[in-house]
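What follows is the residue order along each chain.
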Amino acid sequence: MKRWLPLVIFLVLVGFFAKGLFLNPHEVPSPFIGRTAPAFTLPLAGNANASFSPSDMKGKVWILNVWAPWCSACRQEHGYLMQLAQTGAVQIVGLNWKDADREAASLLTRIGSPYIAVPDDLDGRVGIDYGVTGTPETYLIDREGIVRMKHIGPIDGEVWIKKFEPKLKELGA
Amino acid sequence: MKVFLLILLALPVAAFSAEQTASLKEALPVSDEPAIEQRMVNLAEDLRCLVCQNESLAGSHAELAEDLRKEIREQMKAGKSDKEVIDYLTNRYGDFVLYRPPLKPVTYLLWFGPLLFLGIGGSIWYATLRRRRTMQSAEIDEQKLAVAAQLLEEKE
């Protein structure tokens with residue numbers, strides 16, 4: 001038994017390292033889970049007279065998708081978000097983060113918009129308030145306005161079925 | 001070979017001067033208040049940039065780091081204390097933003113783990129030493145010793 005001990009310790013270490021190797025260091029646990037989504041009021045991209053505020057969504061389960069026209073990973077998930085919007089599974093709001101070139105409105109008319117509203121966060125302040133580290137990041141917010149889940153990185157079918165659908169079911173949406 | 005060595009020697013110098021010009025460029029948009037700037041840099045050195053996670057907030061060129069530095073600067077100008085600024089950041093980004101993790105139940109293992117391992121190592125060391133001591137002080141059988149001496153003599 002004693003002779004095998006170093007090997008056992010070694011294998012345990014290998015196990016830890018192997019696990020660590022496949023973790024995504026950008027998947028930082030969000031301190032917002034279980035907390036009320038920060039309030040904000042922002043003008044809409046392409047329509048500065050209208051505005052959006054999370055309180056507009058009270059009573060609905062909805063998704064806040066932080067994206068930007070300059071972000072290529074956002075373009076990757078765009079197709080899937082379009083599908084989601086068409087099935088009407090959930091309402092998606094697209095926070096337009098730091099769009100210094102003011103491209104969001106024209107881009108969305110060109111490629112189609114999965115969003116019910118596109119609040120325009122030009123200086124990135126609202127993004128900071130939500131703890132955004134990069135686009136795309138997506139928050140699932142419940143009827144009471146509480147953040148239930150955060151996903152970092154693009155959404156595809158697999159992510160949706162594995163992460164979002166069970167949570168949505170739990171929230172009864 | 002000599003040329004190669006020369007190039008090898010020159011590389012760090014070239015890298016250093018490139019770095020210097022970069023930092024000179026960086027130094028331009030500094031705040032008009034050196035005291036605030038110094039406080040901000042001191043604080044940001046202990047904070048993690050969330051985009052390039054191995055860089056500090058003070059040293060990162062990422063756009064988000066720049067925004068956060070601006071935010072820290074503004075809050076300091078508004079009279080916020082260092083602790084209030086850190087609370088502002090941890091409320092948004094979690095403890096992950098801190099290079100010095102706070103002492104709380106989930107981080108006990110992190111803080112006291114080294115002590116634990118020192119204790120384990122120390123007790124193994126102590127146990128080994130004790131075992132050796134008892135081995136040395138094992139009783140010597142005078143008879144057997146005499147036989148051994150005899151055998152050795154015979155051989156010679």
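Each remark here, short or long, concerns the structure printed above.
Described in the following lines is the structure provided in the data block. Every value quoted in this text rests on a predicted model; they were computed, and no experiment measured them.

1. Side note on the overall build of chain B
Now for step 1: Within chain B, the regular secondary structure consists of six helices and zero strands.
Now for step 2: Starting at the N terminus, the α and β elements of chain B follow one another as α-α-α-α-α-α.
Now for step 3: The buried share of chain B, taken over its 156 residues, is 13%.
Now for step 4: Considering only contacts within chain B whose residues lie at least 6 apart along the sequence, 39% involve residues at least 24 apart.

2. Focus: the overall build of chain A
Now for step 1: Across its full length, chain A holds five helices and seven strands.
Now for step 2: Projected onto its principal axes, the C-alpha coordinates of chain A cover approximately 75 × 35 × 30 Å.
Now for step 3: Here chain A holds 173 residues, and the buried ones make up 35% of them.
Now for step 4: Looking at chain A alone, contacts between residues at least 24 apart form 72% of all its contacts between residues at least 6 apart.

3. Thoughts on the sheet that holds strand E5 (residues 120–121) of chain A
Residues and elements named next belong to chain A.
Now for step 1: One open sheet holds the five strands; their spatial order is E5-E4-E3-E6-E7, and the pairing between them is mixed. Each end of this open sheet is capped by a strand with a single partner; those strands are E5 and strand E7 (147–152).
Now for step 2: As defined by bridge partners, strand E3 (residues 62–67) adjoins strand E6 (residues 137–141) across five bridges and the pair is classed as antiparallel. When the sheet's bridge partners are listed, tryptophan 62 is paired in E6 with isoleucine 141.

4. Details of the nonpolar core
Now for step 1: Grouped together as the largest cluster of nonpolar side chains are 34 residues, with contacts concentrated most on Ile63(A), Leu64(A), Val93(A), Tyr139(A) and Ile141(A).
Now for step 2: For this core, the secondary-structure elements that each account for two or more residues are E3, helix H2 (72–87), strand E4 (91–97), helix H3 (104–111), helix H4 (125–129), E6 and E7 of chain A.
Now for step 3: Apart from residues no more than four positions distant in its own chain, Ile63(A) is found in contact with Val90(A), Ile92(A), Val93(A), Thr138(A), Tyr139(A) and Leu140(A).
Now for step 4: Counting 15 residues, the second-largest nonpolar core is a separate cluster that includes Ala44(B), Cys49(B), Ala65(B) and Val97(B).

5. Focus on the interface of chain A and chain B
Now for step 1: Listed per partner, the contact involves 11 residues of chain A and 11 residues of chain B.
Now for step 2: Of the residues assigned to the side of chain A that touches chain B, the class counts are five nonpolar, five polar and one charged.

6. Some remarks on the environment of Trp4(A)
Now for step 1: If you trace the backbone, Trp4(A) turns up in the segment before helix H1 (5–21).
Now for step 2: Taking C-alpha positions, Trp4(A) is 56 Å from Val126(A), a pair spaced 122 residues apart along the chain.

7. Some thoughts on unusual backbone geometry
Residue and element names in this part refer to chain A.
Now for step 1: Between threonine 135 and the following residue, proline 136, the backbone shows a cis peptide bond with an omega angle of -10 degrees.
Now for step 2: Mapped onto the elements of the fold, proline 136 is located in the loop between H4 and E6.
Now for step 3: Although it is not a glycine, lysine 98 sits at a positive phi angle of roughly 50 degrees.
Now for step 4: Structurally, lysine 98 can be placed in the loop between E4 and H3.
Now for step 5: A count of 21 C-beta atoms within 10 Å places lysine 98 in the buried class.
Now for step 6: If you check the backbone angles, arginine 102 has positive phi at about 55 degrees while not being a glycine.
Now for step 7: In this fold, arginine 102 is placed in the loop between E4 and H3.
Now for step 8: Taking the number of C-beta atoms within 10 Å as the measure of exposure, arginine 102 has 13 and is therefore partly exposed.

8. Some details on helix H4 (residues 82–93) of chain B
Now for step 1: Here H4(B) is 12 residues long and its end C-alpha atoms lie 16 Å apart, about the 16 Å a rise of 1.5 Å per residue gives.
Now for step 2: Residues of H4(B) that are buried include every one of Val85(B), Leu89(B), Arg92(B) and Tyr93(B), and no others. Down the axis, H4(B) shows its buried residues gathered within 80 degrees of arc, on one side only. Away from its buried face by more than 90 degrees, H4(B) exposes Lys83(B), Glu84(B) and Asp87(B).
Now for step 3: Residues of H4(B) that are buried sit in contact with H4 of chain A together with helix H2 (34–44) and helix H3 (63–77) of chain B.

9. A few points about the packing of H2(B) against H3(B)
Residues and elements named next belong to chain B.
Now for step 1: At their nearest, the axes of H2 and H3 sit 10 Å apart, and the two run at 130 degrees to each other. Classified by the angle between their axes, H2 and H3 sit oblique to one another. Classified by chirality, the crossing of H3 by H2 is right-handed. Where H2 abuts H3, its residues Ile36, Arg39, Met40, Leu43 and Ala44 lie against Arg69, Ile72, Arg73, Met76 and Lys77.
Now for step 2: Its residues assigned to classes, the contact of H2 with H3 shows six nonpolar, no polar and four charged.

Procedures and definitions
Residues numbered from 1 in each chain as written. Chains lettered and ligands numbered in written order. Predicted model: local features only at pLDDT ≥ 70, side-chain atom pairs only at ≥ 80, totals over all residues. Helix = DSSP H or I, 4+ residues; strand = E, 2+ residues; numbered from the N terminus. Buried ≥ 20, exposed ≤ 12 C-beta atoms within 10 Å, placed from the backbone. Contact = placed C-beta atoms within 7 Å. Pairing = 2+ DSSP bridges. Core = buried A, V, L, I, M, F, W, Y, C linked by C-beta atoms within 7 Å. Nonpolar A, V, L, I, M, F, W, Y, C, P; charged D, E, K, R; others polar. Expected span 1.5 Å × (residues − 1). Arc of directions from axis to C-beta. Axes fitted to C-alpha atoms, helices over the stretch in contact; angles between N-to-C directions. Parallel < 35°, antiparallel > 145°, perpendicular 65-115°, else oblique. Left-handed = near helix turned anticlockwise from the far one by under 90°.

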